[in-house]
Amino acid sequence: MRLVIADCSVRYEGRLNAYLPPARRLIMLKADGSVLVHSDGGSYKPLNWMSPPAKLHVREPSEELAAEGVTEVWEVRAGKSDDRLLINITTVHSQLHHELGADPGLVKDGVEADLQRLLAEQITRLGEGFSLVRREYPTTIGPVDILARDANGATVAIELKRRGDIDGVEQLTRYLEILNRDPLLRPVRGVYAAQQIKPQARTLARDRGIECLSLDYDEMRGAVDTQSRLF
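Notes on the structure in this doc start here.

Rules and cut-offs
- Residues numbered from 1 in each chain as written.
- Predicted model: local features only at pLDDT ≥ 70, side-chain atom pairs only at ≥ 80, totals over all residues.
- Heavy atoms only, no water.
- Salt bridge = Lys/Arg side-chain N within 4 Å of Asp/Glu carboxyl O.
- Helix = DSSP H or I, 4+ residues; strand = E, 2+ residues; numbered from the N terminus.
- Buried < 20%, exposed > 50% of the residue type's maximum accessible area, 1.4 Å probe, protein only.
- Axes fitted to C-alpha atoms, helices over the stretch in contact; angles between N-to-C directions.
- Parallel < 35°, antiparallel > 145°, perpendicular 65-115°, else oblique.
- Contact = heavy atoms within 4.5 Å.
- Nonpolar A, V, L, I, M, F, W, Y, C, P; charged D, E, K, R; others polar.
- Pairing = 2+ DSSP bridges.
- Polar contact = N/O pair within 3.5 Å; in protein donor to acceptor, adjacent residues only side chain to side chain.
- Core = buried A, V, L, I, M, F, W, Y, C linked by side-chain atoms within 4.5 Å.

### Considerations on the pattern of salt bridges
1) Next: Evaluated as defined, the whole model comprises 15 salt bridges.
2) Next: Between arginine 84 and glutamate 13 there is a salt bridge, with its nearest N and O atoms 2.7 Å apart. Taken together, the positions of arginine 84 in strand β7 (residues 84–97) and glutamate 13 in strand β1 (residues 2–13) put the pair 71 residues apart, joining distant regions of the chain.
3) Next: Residue classification places glutamate 13 among the partly exposed residues on the basis of a relative accessible area of 25%.
4) Next: As a salt-bridge pair, arginine 117 and aspartate 114 come within 3.7 Å of each other at their nearest N and O atoms. Of this pair, arginine 117 and aspartate 114 both sit in helix α2 (residues 110–121), 3 residues apart, which is roughly one turn of the helix.
5) Next: For arginine 117, a relative accessible area of 33% corresponds to the partly exposed category.
6) Next: A residue is classified by how much of its surface remains accessible, and aspartate 114, at 25% relative accessible area, is partly exposed.

Next up, the structure:
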């Protein structure tokens, strides 16, 4: 893990183009090749990022950029597409290198872990023809609870909660942003599954194009008939 505090501007070029004007930011370079650019606000969501696999190349600035005060250009290239993240460094204020080692991952509480296992085993509750790809599918910001394919082969990401609120919808939205950058997965749609989903969360999910799935935990553990419904 490498953490760099620097004055920089950032440009993302690819499926979506975005630009961050010069400012002081935190740049996080992770061992898996991902690069994330953070500000001092906005909670834990990065302003921009490149998902792994990716490679970082550092080069000298052009004369034009050097005249603007740029000292280094960091070019991060995606491994599975032509996307790239360009970070123009003006001043590095501090940096830290540290080996974090293997992480055991997020451990869910008993009910959420059981819901994940049961839904993976009963994946057709999402619809006929659904198949499981993987539980705990890894992304740069954490694992997606379940990744599946629908009857047409399209990718579906499922986030599971005991009680579904707005934060869970926001979390799934961030996962979808990252997953849809992968040309082997996109387009990826989302399903928000929980025992109870708050009305505000349903409204936000609908606005984001995310489906909601109500789960009957007791029924999933003991009965065969499907009581889950997609809304």
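### Section: the packing of helix α3 (residues 166–179) against helix α4 (residues 199–207)
1) Next: One way to put it is that α3 packs onto α4 with a least axis distance of 8 Å and a crossing angle of 25°. When the axes of α3 and α4 are compared, the pair comes out roughly parallel. Here α3 contributes Ile166, Val169 and Glu170 to the contact with α4, which in turn contributes Gln200, Ala201, Leu204 and Ala205.
2) Next: Broken down by class, the residue content of the contact of α3 with α4 amounts to 5 nonpolar, 1 polar and 1 charged.

### A look at the sheet that holds strand β4 (residues 48–50)
1) Next: The strand order across the open sheet built from 7 strands is β4-β3-β2-β1-β7-β6-β5, with neighbouring strands paired in antiparallel fashion. Each edge of the open sheet carries a strand with a single partner, namely β4 and β5 (54–59). Across the sheet, the mean angle separating the axes of adjacent strands is 35° when strand polarity is ignored.
2) Next: Where strand β2 (residues 18–29) meets strand β3 (residues 35–38), 4 bridges bridge the pair, whose relative direction is antiparallel. For isoleucine 27, the partnering residue across the bridge sits in β3 and is valine 37.

### Regarding the side chain of serine 34
1) Next: Summarising the element assignment, serine 34 is placed in the loop between β2 and β3.
2) Next: Separated by 2.6 Å, the side chains of serine 34 and aspartate 32 make a polar contact.
3) Next: Excluding anything up to four places from it in sequence, serine 34 contacts Met28, Leu29, Met50, Pro52 and Thr140.

### Quick notes on the nonpolar core
1) Next: By size, the foremost hydrophobic cluster in this structure holds 19 residues, and its most contacted members are Ala157, Val169, Leu179, Tyr192 and Ile210.
2) Next: Among the elements of the structure, β9 (144–149), α3, β11 (188–197) and α4 are those that each provide at least two residues to this core.
3) Next: When residues of this core are assigned to their parent elements, the largest contribution, 5 residues, is made by α3.
4) Next: If we skip the residues at most four places from it in the chain, valine 169 touches Tyr192, Ala201, Leu204, Ala205 and Ile210.

Take it as geometry only, folks, not as evidence of what the structure does.
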